[in-house]
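Residues per chain are reported as follows:
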Amino acid sequence: MSALLFVCLQALLCCAWAKVEVTMHDSTEVYLGDLAPISCQYSFTDVDTEPSDVIIQWFVGGVGSSSRSRIFYGDDSQTMVDENTDYSGRIQVTSDKQASRLVIQEARLTDEKEFFCQINGMVAGSAEGKTHLRVFAPPQAPVIEGVLTGISVTNEGLSEVASCETLNGFPKPNITWYRNNTPLMTTPGHVNVLMLGTRDSGGFYSVQSTLRYKVLKEDKDARFSCEVSFFVPGAIRTVESSSINITVHYPTTMVELWKESPQGLVKEGDTVELRCQGDGSPPPSFIFNREQEPDVDLGDSGDILLLTSVTRKDGGIYQCRPQDVDGASEVRGEMQLNVHFLDPAVVVPKESELMLRGEDLIATCNALSSLKTSTVWYKDGQQVSHGNMLQLKDATYDTAGEYICDVTVPSLPALHTHGSIHIIVQGAPQMVGMEQEVQLEEAVGRTVNLSCEVQSYPRPVVSWNIVGSQSWQEVVNKASDHMTQSVVSVLVGSDVSALCNASNEMGSEVKLFSIRAIPRVTSATRFSPVEGSGVIIVVIILCLLLLAVLGSVLYFLQKKGKLPCGRSGKQEITKETNAKNEIVVEMKTNTRTEESVLLKAVNGDKKDTGQQMTV
């Protein structure tokens with residue numbers, strides 16, 4: 001009896017000191033729709049042997065709530081998932097030595113609760129632990145929308161700049177605003193952020209944020225964006241929206257005016273386009289005027305002033321100012337417009353000028369221009385002088401003609417003008433060519449053309465005095481300002497003397513042509529020259545053939561040895577051949593020479609044997 005009591009007392013003492021310890025994580029974090037594993041570790045202390053009969057139960061309860069419900073029971077003989085709960089058919093529990101593991105299929109937002117693991121070791125006692133299951137659902141990327149209308153910097157207070165929205169997140173996400181990648185913090189009078197969060201029936205959060213901001217001119221180039229931050233298992237993530245630019249309206253404080261076209265210098269007749277631009281937003285229309293006439297508006301058609309067919313009078317200082325700004329305001333742009341010109345060339349002397357041979361002349365050509373000019377003189381397409389002054393010295397008939405002065409502007413080639421002067425050289429006739437007497441030879445019976453070219457002004461009178469020819473006539477007679485030409489056709493019968501005399505009121509000049517007649521050679525026979533020539537040719541051909549035959553015979557006899565080689569033999573043969581083939585031709589020449597009598601026009605002598613013609 002005493003031994004049994006001792007055993008019972010020992011068992012009671014052991015139970016009094018035995019203890020069960022349960023270890024679980026404070027929280028378990030999973031993504032929405034993933035598996036949610038929850039582990040429960042337990043152990044027994046102050047016992048010699050672990051109990052063989054252990055009861056494991058899993059409970060679920062709201063966070064911070066005292067009520068809870070069982071979802072699983074298990075011992076050595078059975079395991080059971082409780083029915084009619086949110087986890088019936090959706091959980092799985094596995095147990096091994098000193099551990100139990102609860103796995104929830106397809107985690108839901110409603111699964112964010114506290115899960116309890118209770119271990120009952122019977123005589124070894126019982127204990128429990130708990131884990132807070134957290135379920136995360138990342139929200140959609142944020143969408144930013146800027147205010148479509150422009151925002152004026154003159155608005156009092158804050159203006160709504162943009163809104164940002166993110167949908168379907170869990171837990172509730174947060175939105176932060178940025179300007180040029182710098183976060184905007186709520187600042188009285190400068191930045192204010194309005195945040196609105198909603199939760200739908202499925203438990204998801206949507207957040208909308210509105211940025212109210214004091215807009216300044218510097219914000220015209222600023223980029224605004226929003227960023228959503230949210231929790232995920234074991235971290236915090238962020239997603240940034242696209243950036244936007246807002247339209248800022250601000251008054252014009254600076255204006256610039258410039259020449260849009262034409263490029264380069266402006267000349268009279270051009271169409272000029274002036275453009276005005278300011279720094280205001282939106283760009284205003286402008287009013288144009290000239291500084292010389294400040295009260296005369298030249299136009300207010302946007303930012304362009306068009307000046308057509310400008311003249312030098314259109315030059316000056318042009319100004320423009322915004323249409324919405326008071327005319328007395330200093331906000332204006334201005335520029336100097338220079339209209340370049342080139343007046344028609346003025347040549348002195350004008351039109352034509354009469355000069356005496358040997359005289360000098362200075363002609364000038366000037367054209368008024370706003371730019372530096374260049375003058376070149378041309379005659380017959382060839383450059384004869386450079387500069388506005390043309391110097392003609394010791395004038396000759398070659399000096400006569402039209403001189404053109406060409407005036408250009410090197411810096412503005414489109415400006416161009418010209419003038420001209422016609423030079424007339426007056427003097428006595430001058431024969432073209434250096435020879436005063438021309439010697440010619442021509443066969444009797446032939447016709448020869450004699451040309452007399454004379455330079456002079458006034459136009460000369462050209463006359464011919466021809467001795468020794470019974471037949472002649474003038475075939476060319478033409479004249480220009482300074483050149484007269486006369487051509488006569490003379491039949492040569494004997495020696496001929498022809499005198500060309502050119503004269504005007506300034507003087508006269510002569511040119512002598514002497515033609516020596518060459519007699520023709522005729523045959524003594526009555527045959528015509530053509531028949532005589534034919535007979536001579538036939539005789540020559542027969543002689544050549546005879547010589548060829550004779551030469552062949554002699555060569556053959558010498559080869560056969562029948563021809564004696566000696567000087568006497570050769571001489572005999574030669575004599576015989578000459579006697580046999582001798583041909584005599586007799587020629588007669590009948591030459592008649594006429595003496596020519598030259599009438600000297602300068603002495604006034606005149607012979608009856610000549611003929612005279614005046615042109």
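It should be noted that the structure appears before, not after, this text.
Parameters at a glance
- Residues numbered from 1 in each chain as written.
- Predicted model: local features only at pLDDT ≥ 70, side-chain atom pairs only at ≥ 80, totals over all residues.
- Heavy atoms only, no water.
- Helix = DSSP H or I, 4+ residues; strand = E, 2+ residues; numbered from the N terminus.
- Buried < 20%, exposed > 50% of the residue type's maximum accessible area, 1.4 Å probe, protein only.
- Contact = heavy atoms within 4.5 Å.
- Areas by Shrake-Rupley, 256 points an atom, 1.4 Å probe, with all protein chains shown as cover.
- Pairing = 2+ DSSP bridges.
- Axes fitted to C-alpha atoms, helices over the stretch in contact; angles between N-to-C directions.
- Core = buried A, V, L, I, M, F, W, Y, C linked by side-chain atoms within 4.5 Å.
- Polar contact = N/O pair within 3.5 Å; in protein donor to acceptor, adjacent residues only side chain to side chain.
- Phe/Tyr/Trp six-rings, centres within 6.5 Å; stacked < 30°, edge-to-face > 60°.
- Disulfide = S-S within 2.5 Å.
- Salt bridge = Lys/Arg side-chain N within 4 Å of Asp/Glu carboxyl O.

A. The arrangement of the overall build of the protein chain in detail. The number of helices and strands found in the protein chain is 3 helices and 46 strands. Per-residue burial for the protein chain yields a buried fraction of 35% across its 615 residues. If you take every contact in the protein chain between residues at least 6 apart in sequence, the share linking residues at least 24 apart comes to 64%. Within the structure as shown, the protein chain displays about 36,600 Å² of accessible surface, and the carbon and sulfur contribution to it stands at 51%.

B. Just the side chain of Ser225, in detail. Looking at the element boundaries, Ser225 is found in strand β18 (residues 224–232). Beyond its immediate chain neighbours, meaning those up to four positions away, Ser225 contacts Ile144, Thr176, Trp177, Tyr178, Glu240, Ser241, Ser242 and Ser243.

C. Spatial organisation of the sheet that holds strand β8 (residues 99–104). Spatially, 4 strands are ordered β1-β3-β8-β7 in an open sheet, and the strand pairing comes out antiparallel. Both edges of this open sheet fall to β1 (19–23) and β7 (91–96), since each of them pairs with a single strand only. The sheet shows a mean angle of 15° between the axes of neighbouring strands, taken without regard to direction. One ladder, built from 6 bridges, connects strand β3 (residues 36–45) with β8; its direction is antiparallel. The partner of Ala36 across the bridge, within β8, is Ile104.

D. Up close: the nonpolar core. Counting 31 residues, the largest nonpolar core has Val22, Trp58, Ile71, Leu102, Ile104, Phe115 and Ile119 as the members making the most contacts within it. For this core, the secondary-structure elements that each account for two or more residues are β1, β3, β4 (55–61), β5 (68–74), β7, β8, β9 (114–120) and β10 (126–136). Those residues in contact with Phe115 that sit more than four places away from it in its chain are Met24, Ile38, Phe59, Val60, Ile71, Tyr87, Leu102, Ile104, Gly129, Lys130, Thr131 and Leu133. Ala345, Tyr403, Leu415 and Val425 belong to the second largest nonpolar core, which has 24 residues in total.

E. Representation of the environment of Glu128 in the model. Tracing the chain through its elements places Glu128 in strand β10. As for Glu128 and Val22, which are separated by 106 residues in sequence, their C-alpha atoms are 5.8 Å apart. Sequence-distant contacts of Glu128, defined by excluding residues within four places in its chain, comprise Val22, Arg68, Phe116, Cys117 and Gln118. A polar contact is formed between the side chain of Glu128 and the side chain of Arg68, at a distance of 3.1 Å. Among the polar contacts made by the side chain of Glu128, one reaches the side chain of Gln118 at a distance of 3.4 Å.

F. Highlighting the sheet that holds strand β31 (residues 361–366). The strand order across the open sheet built from 3 strands is β29-β31-β34, with neighbouring strands paired in antiparallel fashion. Looking at which strands have only one partner, the edges of the open sheet turn out to be β29 (346–348) and β34 (389–392). With strand direction ignored, the average angle separating the axes of adjacent strands in the sheet is 15°. Pairing of β31 with β34 involves 4 bridges; the strand directions are antiparallel. In the strand pairing of β34, Ile362 is matched with Gln391.

G. How the structure looks around the packing of aromatic side chains. Tallied over the entire structure, the rule returns 5 aromatic pairs. A centroid spacing of 6.2 Å and a plane angle of 80° characterise the contact between Tyr42 and Phe44, whose relative ring orientation is edge-to-face. Exposure class is identical for Tyr42 and Phe44. Each is buried. With a centroid separation of 5.6 Å and an interplanar angle of 80°, the aromatic rings of Tyr87 and Phe115 are classed as edge-to-face. Note that Tyr87 is positioned in the loop between β6 (79–81) and β7 and Phe115 in strand β9, a separation of 28 residues in sequence. Of the two residues, Tyr87 and Phe115, both sit in the buried class.

H. Seen up close, the pairing of strand β23 (residues 272–278). Only one face of β23 is covered, namely the face carrying Val272, Leu274, Cys276 and Gly278; the face carrying Glu273, Arg275 and Gln277 is uncovered. With 6 bridges joining them, strand β21 (residues 255–261) and β23 adopt antiparallel strand pairing. Residue Ser261 lies in a different strand from β23, and its bridge partner there is Glu273. The pairing of β23 with strand β25 (residues 304–307) spans 4 bridges and is antiparallel.

I. Spotlight on the state of the cysteines. Across all of its chains, the model carries 5 disulfides by this definition. A disulfide bridge connects Cys164 with Cys226, and the sulfur atoms are separated by 2.0 Å. Looking along the S-S bond of the Cys164-Cys226 disulfide, the torsion reads about 65°, which is the right-handed sense. In this pair, Cys164 is assigned in strand β13 (residues 159–169) and Cys226 in strand β18, connecting sequence segments 62 residues apart. In this structure Cys226 comes out as buried when scored by relative accessible area, which is 0%. Across a sulfur-sulfur distance of 2.1 Å, Cys365 and Cys405 are joined as a disulfide pair. One disulfide, between Cys365 and Cys405, carries an S-S torsion of 55° and so falls in the right-handed class.

J. How the structure looks around the pattern of salt bridges. Within the structure shown, the criterion is met by 16 salt bridges. As a salt-bridge pair, Lys130 and Glu114 come within 3.6 Å of each other at their nearest N and O atoms. Taken as a pair, Lys130 in strand β10 and Glu114 in strand β9 lie far apart in primary sequence, 16 residues in all. Look at Lys130 and you get partly exposed, because its relative accessible area is 45%. Note that Glu273 and Arg275 form a salt bridge whose closest N and O atoms lie 3.8 Å from each other. Residue Glu273 is classed as partly exposed on the basis of its relative accessible area of 21%. A single salt-bridge network, built from bridges that share partners, covers Glu260, Glu273, Arg275 and Asp303.

K. Focus on unusual backbone geometry. In the segment running from Ser281 into Pro282, the intervening peptide bond is cis, with an omega of -5°. Tracing the backbone shows Pro282 in the loop between β23 and β24 (286–290). The omega torsion across Tyr457 and Pro458 is 5°, close enough to zero to call that bond cis. Looking at the secondary structure, you find Pro458 in the loop between β38 (447–457) and β39 (461–467). Residues other than glycine seldom take positive phi values, yet Glu106 does so here, at roughly 45°. The topology assignment puts Glu106 in the loop between β8 and β9.

L. Geometry of the environment of Gln470. Structurally, Gln470 can be placed in the loop between β39 and β40 (472–479). In sequence terms Gln470 and Leu491 are 21 residues apart; their C-alpha atoms lie 7.5 Å from each other.

Read these as spatial facts, not as claims about activity.
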